[in-house]
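The chain contents come next:
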Amino acid sequence: MTTASRSPRAGISRRRSAFARFAPLLGVAACGLVTVSCGMGDEPDRLVSKGPPPVASGGVVVSARQPLLPTYPCSRCHDGRPPDLRERALTEFHTHKVLNHGTQSGWCYRCHTKDDIDQLHLPDGSKVGFDQAYELCGGCHGDKLRDWKAGMHGLTTGWWLGARVRRSCPACHDPHDPKFPLMTPEHAPARPRTAPAEEPHAGGAHHAGEAHPAGETHHAGEAHPAGEEHRAPEESHGHGH
Amino acid sequence: MATDTDLHAEPSALEPHEKLAETKLDEHGSRRTFLKIAGASAAGVAAAAATGCGSPGAPTTEEFFRQHYKKLNDEDKKKIFARIEDEVRARSGVSVHISDPPPIEGVDFAYALNLSVCNGSRRCVEACARENNLPDDPELRYIRVMEMEVGSLEFEEATAYYEPEKVPEKKKFYLPVQCHQCDNPPCVKACPVGATWKEQDGIVVVDYSWCIGCRFCVVACPYFARRFNWEEPTIAPERINPTQGYLSNRLRHKGVVEKCTFCLHRTRAGRMPACLEACPTGARKFGNLNDPEGEIRKIIDTKRVYVLKEDLATLPRFYYYFG
Amino acid sequence: MRDLIRFGFAITGAMIRGGRAYYLWVAFLCGWVALGVAAYLHQFEVGLVATNMVDQIPWGAYIANFTYLVGMAAAAVMLVIPAYVYHDHALHEVVVLGELLAVAVLTMCLMFVMVDIGRPDRFWHLMPVIGRFNWPASMLSWDVIVLNGYLVLNFYITSYLLFTKFCGREPDRRKYVPFVFLAIFWAVTIHTVTAFLYSGMGARPHWNAAILAPRFLASAFAAGPSLMIIALSIIRDKMGFPVKDAALNRLRQIVAVTMLINLFFFFSEIFTELYSFKHHAASMRYLLFGLHGHNKLVPYIWGAMALDVFAAAVFLTPKLHRNPRVLMVGCGSAVVGVWVEKGMGLVIPGFVPSPLGEVVDYTPSFTEFCVSAGIWAMGALIYTLLLKAAVPIELGKLRIAQPEAVS
């Protein structure tokens, strides 16, 4: 579809060498940025990438997860407690956790490791840390992991020229309830100053006042990852909600 | 030197205009004193010139005869930037810094936007407004998020004025539109005075000090990306972003056209544009088209991307994709 | 040189002296001009917010009037061509009056552009050499050239002819006929370039049609000579200039044809847009029927079409146009009908729906009305003053005091 649009930029390969100038400089930049991260649902502010520009190019820093977990290391409490494998309402600890992740999601130890509680584990049993949780997510959502690794899915901020800061999956999706939360939008744009005060929506008069209350659309049973609910037409066929 | 000492005996007794006389005397004597006082009075004179000419935005003689951006040398630019900084300080009391970062050799900027995840929260719109010093009264915004009907890419069925409690709404998807930095920009072609042009890295810029405000570019743009300052834009001093690019987010006056510049004062320094940093869903992707490992190239190479109104052959650098 | 100064004094004197009716008329026009100036000063102070233009409707009444008036200026060739190419003597006698109208109308065009721009203090950026002229890419830069060029051409031709007549000399054909033919070509270009301003806009499907330039010319050649018929009749009645019926008749024949062509072009455009019912027809639907409940232009465009059809009927029916009063009404209908159809009726639908599908209505603000009226009054004033000097010269009443030997 875009062949035509791209063809005038045949200079891409010609100019690649210039870009390569920055590449060898890759190095130090990233470490400090690891700490720049966001908790779940936080909105990054525009100060995120303030500071001197890193000289490196192409590096990717995955935001760390572990420092943001209030109860980490888990072993502090779990050591000496026998794992309880029963599916049950959690009344003592982790009471706010809602497991709403797929239908066949299993229980805690599907992902957490019962004999090494500070680690997660992949379906094949190999252990990964919380900072590498994306590997675990990728076990089921392989396509998303592939896109994420290429920078096509997920939030990448910071420097395009230098270390990009990439949010790990749990930064945006609660692993226990991964559907992206609904948000309150910023105010609508100002109408043209000449528009009559009580005009129906200019253009496409179909939307007037049909705002869905918050709870209505967020059914407990729907467990699609963010974005699935409002897929664009190209993909929505046969999806069926 | 004797004069110098005499004058300094009672500095407080001097009236302002006498101070000017003093600076002249000092030119032959103490260079240091001269610079100090002249610096202060120059700022005052500039401020007076900037504010004393009736309505805000009225040009000073110097500004009136100013040459086109491309004819300015570094010395001219320095003077002009200093004048603009003084003007802003005089008007709003904010110290701003005007820079003019050049395009980076070998860099071609492009943008990609993932329509599958954009949730219409308009965080980009407001972040852009803060970064680029967009006025709130009258409200002017570069990004327009269109709420589209599922099953249609027709703008006539869409609205920019959606206001539900929560987004995304059912049966809708969201398509933000801003300047597409076209490679064949109809706006640049339209401008009769060359006040808008395409830079080497692909960004289409406007020299707000050259634009005559004929709005032919607004008419020519098929993406509704250009905005005209119908009246003097106002922005609260505390909302002014002091880091300003001459060709991007410096404060504008009434009567000229402006538009998104991919935040060139940020992006030419290697940073991401403000709208991208603000996006809560990661729908926005920005980078160098010539970087084979960059997100942009990965997206164009592997995703089904499309551009708006491709039939117009504007060759946008703003790609939409579903991912 | 001394003759030129005498010429200057003589025409100034002719402009100043006049009867009671003349002073009243000039005072009336000056009143409107003053109102326009006051309105413009207000707009200059607060910005174009004083108009009802918005980002969705970036051009309004000013540019609509400008577009229409460019056509009126171009229409002067409808006198020049029969007079110079086909040697129509009746028209040859009044051709200078037509060219003076072009001068007045072009001045109005330039004023309408001036009041439309956001930074009039930067007008010099538009000037070649000292400014930065985006030529040949920008159609607007072409327009600046052709409009100013046409103004200079007409100003030169009329001044030269009147000056030689004032001096009692025979005009030297070598000194003006080449310019007359250049002006004929130039007249076509001014309106073609103005049409290309619009039809070159890929972003605006309503204008992006090849028929636009031919339609512009046809409508201009219908409205322009119609206005000329009215003007010449008034000049004959009020200023005692012997305009021959043959001249008016020839002009009437011209507008009969051009009005039909204009209607035919417009109909072709409507058919193409509406029959295929493509998305791009939204603007045409907005214009003719309204869109999403917005229908501000609908009565105007139907009114304009009715006026056009009525005018065509008058021009084509001998029984009607033999009555001078009916002919005047027919000409007035053509002038007004084309003004609506090609002014606001063309400019505004180009913006509706906006490129992002928004429907925004537009009606000129009070300031826009006053400024526009002021410019029209200014144009009428200029034409009045020019005629006041030109008519006696043409009649041989105003001559150089002591005729010197022809050099």
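Above this note sits the structure.
Everything quoted here is computed from the prediction, not taken from an experiment.

1. Examining the overall build of chain C
(1) Moving on: A count of helices and strands for chain C gives 16 helices and zero strands.
(2) Moving on: Here chain C holds 407 residues, and 59% of them are scored as buried.
(3) Moving on: Counting only carbon and sulfur atoms, one obtains 71% of the accessible surface of chain C, whose full area is about 16,800 Å².

2. Some points on the overall build of chain B
(1) Moving on: Across its full length, chain B carries 11 helices and 12 strands.
(2) Moving on: Among the 323 residues that make up chain B, the fraction classed as buried is 66%.
(3) Moving on: The long-range fraction of contacts in chain B, counting pairs at least 24 apart against all pairs at least 6 apart in sequence, stands at 64%.
(4) Moving on: Counting every atom, chain B has about 11,300 Å² of accessible surface; 54% of that belongs to carbon and sulfur.

3. Here we look at the nonpolar core
Generally speaking, nonpolar side chains in soluble globular proteins are found buried as a group.
(1) Moving on: One finds F216 of chain B together with L97, Y150, Y198, L232, F315 and Y383 of chain C to be the most contacted residues of the largest nonpolar core, which totals 164 residues.
(2) Moving on: Beyond its immediate chain neighbours, meaning those up to four positions away, F216 of chain B contacts A190 of chain B together with W59, S138, M139, L140, L197 and M201 of chain C.
(3) Moving on: In terms of nonpolar packing, the next biggest core, distinct from the first, is built from 71 residues, V125, Y142, L308 and F322 of chain B among them.

4. Some remarks on the pattern of salt bridges
All names here are of chain B.
(1) Moving on: Counting across every chain of the model gives 45 salt bridges over all chains.
(2) Moving on: In this structure, the salt-bridge partner of D86 is R89, at a minimum N-O distance of 3.0 Å. You can see D86 and its partner R89 sitting in helix α5 (residues 74–92), three residues apart, about one turn around the helix.
(3) Moving on: Under the relative-accessibility criterion, D86 is labelled buried at 19%.
(4) Moving on: Judged by its relative accessible area of 36%, R89 falls in the partly exposed class.
(5) Moving on: Note that D207 is salt-bridged to R250, the shortest N-O span being 3.5 Å. Of this pair, D207 sits in the loop between β6 (204–206) and α8 (216–220) while R250 sits in the loop between β8 (243–245) and β9 (257–258), and the two are 43 residues apart along the sequence. Of the two residues examined, D207 and R250, each falls in the buried class.

5. Concerning the interface of chain C and chain B
In many analyses, interface size is given as the accessible surface area lost on bringing the parts together.
(1) Moving on: The partner chain B presents 53 residues to the 50 residues of chain C that form the contact.
(2) Moving on: Of all residues in chain C, D55, R132 and L356 of chain C give up the largest surface area on contact with chain B, accounting jointly for 20% of the area buried on that side.
(3) Moving on: Remark: the boundary between chain C and chain B carries three salt bridges.
(4) Moving on: Our enumeration of links across chain C and chain B arrives at 27 residue pairs in polar contact (both at pLDDT 80 or more).
(5) Moving on: Taken together, the residues of the side of chain C that touches chain B break down into 27 nonpolar, 13 polar and 10 charged.

6. A word on the packing of aromatic side chains
Two measures describe an aromatic ring pair: the distance that separates the ring centres and the angle between the ring planes.
(1) Moving on: Counted according to the given criterion, the structure contains 40 aromatic pairs over all chains.
(2) Moving on: Centroid distance W25 of chain C to F28 of chain C: 5.8 Å. Interplanar angle 25 degrees. Geometry classified as stacked. Of this pair, W25 of chain C and F28 of chain C both sit in helix α2 (residues 20–46), three residues apart, which is roughly one turn of the helix.
(3) Moving on: A cation over a ring is seen here: R215 of chain B above F228 of chain B, with NZ or CZ 5.0 Å from the ring centre.
(4) Moving on: R252 of chain B extends its terminal NZ or CZ atom over the ring of Y208 of chain B, reaching a point 5.5 Å from the ring centre.

7. Side note on the side chain of T67 of chain C
Residue and element names in this part refer to chain C.
(1) Moving on: Its location among the elements puts T67 in helix α3 (residues 61–74).
(2) Moving on: Residue classification places T67 among the buried residues on the basis of a relative accessible area of 0%.
(3) Moving on: If near-sequence neighbours (up to four positions away) are discounted, T67 is found in contact with H191, T194, Y198, F216, K342 and V347.

8. Describing the environment of D201 of chain B
Residues and elements named next belong to chain B.
(1) Moving on: Along the chain, the position of D201 falls in the loop between β5 (196–198) and β6.
(2) Moving on: Taking the C-alpha atoms as reference points, D201 and A110, 91 residues apart in sequence, are found 9.1 Å from one another.
(3) Moving on: When sequence neighbours within four positions are dropped, the list of residues in contact with D201 reads P103, V107, D108, F109, R268 and R317.
(4) Moving on: Looking at D201, its side chain comes within polar contact range of the side chain of R268, at 2.7 Å.

9. Quick notes on the sheet that holds strand β5 (residues 164–166) of chain A
All names here are of chain A.
(1) Moving on: Taken in spatial order, the three strands make up an open sheet running β1-β5-β4, and their pairing is mixed. Edge strands, defined here as strands with exactly one partner in the open sheet, are β1 (60–62) and β4 (156–158). Here the strands of the sheet are splayed against their neighbours by 35 degrees on average, with no regard to which way each runs.

10. A closer look at the environment of I296 of chain B
Residues and elements named next belong to chain B.
(1) Moving on: Looking at the secondary structure, you find I296 in helix α11 (residues 295–302).
(2) Moving on: Taking the C-alpha atoms as reference, I296 lies 9.8 Å from L113; in sequence the two are 183 residues apart.
(3) Moving on: Non-local contacts of I296, meaning those with residues more than four positions away in its chain, are made with A110, Y111, A112, K285, F286, G287 and L289.

11. Some details on the packing of α3 of chain C against helix α16 (residues 366–395) of chain C
Residues and elements named next belong to chain C.
(1) Moving on: Between α3 and α16, the shortest axis-to-axis distance is 10 Å and the interhelical angle comes to 25 degrees. With respect to their mutual orientation, α3 and α16 come out roughly parallel. Relative to α16, α3 is oriented so that their crossing is right-handed. Of α16, the residues touching α3 (which contributes A61, Y62, N65, Y68 and L69) are T367, E368, V371, S372 and W376.
(2) Moving on: Along the lines of polarity and charge, the residues of the contact of α3 with α16 split into six nonpolar, three polar and one charged.

12. Some remarks on the pairing of strand β12 (residues 318–321) of chain B
All names here are of chain B.
(1) Moving on: Because side chains alternate across β12, one face comprises the buried residues F318 and Y320, and the other comprises Y319 and Y321, equally buried.
(2) Moving on: Taken together, the four bridges between strand β2 (residues 109–114) and β12 define a ladder with parallel strand orientation. In the sheet register, A112 faces β12, and the bridge partner there is Y319.
(3) Moving on: Looking at chain direction, strand β11 (residues 305–306) and β12 are connected through two bridges and run antiparallel. In the strand pairing of β12, Y306 is matched with Y320.

13. A look at the side chain of T156 of chain A
(1) Moving on: Relative to the assigned elements, T156 of chain A resides in strand β4.
(2) Moving on: Those residues in contact with T156 of chain A that lie beyond four places of it in its chain are R164, V165 and R166 of chain A together with M272, L276, K285 and E295 of chain B.

14. Comments concerning helix α8 (residues 173–199) of chain C
(1) Moving on: With 27 residues, α8 of chain C should reach 39 Å at 1.5 Å per residue; the first-to-last C-alpha distance of 38 Å fits that figure.
(2) Moving on: Two or three places before R174 of chain C, at the start of α8 of chain C, stands the capping residue D172 of chain C, its side-chain oxygen 3.0 Å from that residue's backbone nitrogen.

15. Considering a nonpolar patch on the surface
Residues and elements named next belong to chain C.
(1) Moving on: Where nonpolar side chains cluster on the molecular surface, the patch consists of W25, F28, W32, L35, F366 and F369 and spans about 640 Å² of accessible area.
(2) Moving on: Looking at the nonpolar patch element by element, the count peaks at four residues for α2.
(3) Moving on: Inspection of the secondary structure assignment puts L35 in helix α2.

16. Topic: the environment of D291 of chain B
(1) Moving on: As for its position among the elements, D291 of chain B is in the loop between β10 (284–288) and α11.
(2) Moving on: Separated by 185 residues in sequence, D291 of chain B and G106 of chain B have C-alpha atoms that sit 9.3 Å apart.

17. Section: the sheet that holds β2 of chain B
In a beta sheet, neighbouring strands pair by backbone hydrogen bonds and run either parallel or antiparallel.
Residues and elements named next belong to chain B.
(1) Moving on: With respect to topology, four strands assemble into an open sheet ordered β10-β2-β12-β11, the strand pairing being mixed. The sheet terminates laterally at β10 and β11, the two strands that pair on one side only.
(2) Moving on: Contacting β2, β10, β11 and β12, α11 crosses the sheet at an angle of about 110 degrees to β10.

18. Considering the state of the cysteines
Residue and element names in this part refer to chain B.
(1) Moving on: With the rule as written, the count across this model stands at zero disulfides over all chains.
(2) Moving on: Residue C118 stays outside any disulfide, its sulfur separated by 6.5 Å from that of C279, the closest cysteine.
(3) Moving on: For C221, which is in no disulfide, the shortest distance to another cysteine sulfur is to C187 and amounts to 6.2 Å.
(4) Moving on: C221 gets classed as buried once you look at its relative accessible area, which sits at 8%.

19. What to know about helix α7 (residues 139–167) of chain C
Residue and element names in this part refer to chain C.
(1) Moving on: Here α7 is 29 residues long and its end C-alpha atoms lie 41 Å apart, about the 42 Å a rise of 1.5 Å per residue gives.
(2) Moving on: Two to three positions downstream of the cap, the backbone nitrogen of L140 sits 3.2 Å from a side-chain oxygen, assigning the N-cap of α7 to S138.
(3) Moving on: Remark: G168 follows α7 within two positions and exhibits a positive phi of approximately 75 degrees.

What counts as what
Residues numbered from 1 in each chain as written. Chains lettered and ligands numbered in written order. Predicted model: local features only at pLDDT ≥ 70, side-chain atom pairs only at ≥ 80, totals over all residues. Heavy atoms only, no water. Helix = DSSP H or I, 4+ residues; strand = E, 2+ residues; numbered from the N terminus. Buried < 20%, exposed > 50% of the residue type's maximum accessible area, 1.4 Å probe, protein only. Areas by Shrake-Rupley, 256 points an atom, 1.4 Å probe, with all protein chains shown as cover. Contact = heavy atoms within 4.5 Å. Core = buried A, V, L, I, M, F, W, Y, C linked by side-chain atoms within 4.5 Å. Salt bridge = Lys/Arg side-chain N within 4 Å of Asp/Glu carboxyl O. Buried area = accessible area lost by both parts, 1.4 Å probe. Polar contact = N/O pair within 3.5 Å; in protein donor to acceptor, adjacent residues only side chain to side chain. Nonpolar A, V, L, I, M, F, W, Y, C, P; charged D, E, K, R; others polar. Phe/Tyr/Trp six-rings, centres within 6.5 Å; stacked < 30°, edge-to-face > 60°. Lys NZ or Arg CZ within 6 Å of the ring centre and 35° of its normal. Pairing = 2+ DSSP bridges. Axes fitted to C-alpha atoms, helices over the stretch in contact; angles between N-to-C directions. Parallel < 35°, antiparallel > 145°, perpendicular 65-115°, else oblique. Left-handed = near helix turned anticlockwise from the far one by under 90°. Expected span 1.5 Å × (residues − 1). Patch = residues over 30% accessible without salt bridge, like charges linked within 9 Å, V, L, I, M, F, W, Y side chains within 5 Å. Disulfide = S-S within 2.5 Å.

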